[in-house]
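Summary of structural features
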Amino acid sequence: MTLNEHDQRALDAAYEQAIKSKNEGGIPIGSALMDRDGTIVAVGHNERVQSGDPTAHAETVCIRNAGRRRDWHELTLASTLSPCAMCTGTAVLHRIPRVIIGEHETFMGREDWLEGEGVEVVLADDDRCIELMRLFIAERPELWDEDIGVPPSER
């Protein structure tokens, strides 16, 4: 899908965060929050490996970095990858009305839950995001399984 200028800026900011995480030895997933005017108000990347915090997924870190706000219901969340149940729940809890998803070929999160809550889901099918995750999963399958909760016995 072709994104509008603001949505593309948000996804680009999320992608930059994914690259940052990869360069730090982490999971290459990034996220960004954007206000109605197209201003990026917060960014974050998966820090689970770097911090040892199993809840430090990109979307959760981004929302945490946004701090206390009263305008969640006016923001757009961009993520390079389809949000997992934990990150979806965080977006739903804060009533974020729009989520831009870079890709869901390598992992299908809880887009059904987002849509069920009336969240507008915008799937970008971004080639950069797809390739980044494909390479990471091929190179580090055990780390990827750990991130999404797949037990070693199911490998």
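In what follows, the accompanying structure is described.

Definitions and limits used
- Residues numbered from 1 in each chain as written.
- Predicted model: local features only at pLDDT ≥ 70, side-chain atom pairs only at ≥ 80, totals over all residues.
- Heavy atoms only, no water.
- Helix = DSSP H or I, 4+ residues; strand = E, 2+ residues; numbered from the N terminus.
- Buried < 20%, exposed > 50% of the residue type's maximum accessible area, 1.4 Å probe, protein only.
- Contact = heavy atoms within 4.5 Å.
- Pairing = 2+ DSSP bridges.
- Axes fitted to C-alpha atoms, helices over the stretch in contact; angles between N-to-C directions.
- Disulfide = S-S within 2.5 Å.
- Salt bridge = Lys/Arg side-chain N within 4 Å of Asp/Glu carboxyl O.
- Phe/Tyr/Trp six-rings, centres within 6.5 Å; stacked < 30°, edge-to-face > 60°.
- Lys NZ or Arg CZ within 6 Å of the ring centre and 35° of its normal.

**Details of the environment of Cys-129**
Along the chain, Cys-129 falls in helix H6 (residues 127–139). Judged by relative accessible area, which is 1%, Cys-129 ranks as buried. Look past the residues within four positions of Cys-129 in its chain and what remains in contact with it is Leu-11, Tyr-15, Thr-80, Gly-102 and Glu-103.

**Comments concerning the sheet that holds strand S4 (residues 98–101)**
Spatial strand order, S2-S1-S3-S4-S5: five strands in an open sheet with mixed pairing. Only two strands of the sheet have a single partner each, and these edge strands are strand S2 (40–45) and strand S5 (120–123). Strand after strand, the sheet turns through a mean of 15° between neighbouring axes, direction not considered. Relative to S2, strand S1 (residues 30–34) runs antiparallel, the two being bridged by five bridges.

**Considering the environment of Gly-52**
Considering the arrangement of structural elements, one finds Gly-52 in the loop between helix H2 (48–51) and helix H3 (58–66). Separated by 10 residues in sequence, Gly-52 and Ala-42 place their C-alpha atoms 22 Å apart.

**Structural notes on the state of the cysteines**
Overall, the coordinates contain zero disulfides when judged by the stated rule. The thiol of Cys-62 is unpaired, and the distance to the nearest cysteine sulfur, on Cys-87, comes to 10 Å. Cys-62 gets classed as buried once you look at its relative accessible area, which sits at 0%. Not part of a disulfide, Cys-87 finds its nearest cysteine sulfur in Cys-84, a span of 3.7 Å. With a relative accessible area of 1%, Cys-87 lands in the buried category.

**Comments concerning the pattern of salt bridges**
Taken as a whole and judged by the stated rule, the model has 12 salt bridges. Where Arg-134 meets Glu-105, a salt bridge forms, and the shortest distance between an N and an O atom there is 2.7 Å. Residue Arg-134 is found in helix H6, and its partner Glu-105 is found in the loop between S4 and helix H5 (111–116); the two are separated by 29 residues along the sequence. Glu-105 gets classed as partly exposed once you look at its relative accessible area, which sits at 47%. The closest approach of N and O atoms between Glu-142 and Arg-140, which form a salt bridge, is 3.1 Å. A relative accessible area of 39% means that Glu-142 is categorised as partly exposed.

**Side note on the packing of aromatic side chains**
Per the counting criterion, the structure on display carries one aromatic pair. Looking at Arg-128, its charged tip hangs above the ring of Tyr-15, at a distance of 4.4 Å from the centre.

It is worth stressing that arrangement in space is one thing and function is another; only the former is reported here.
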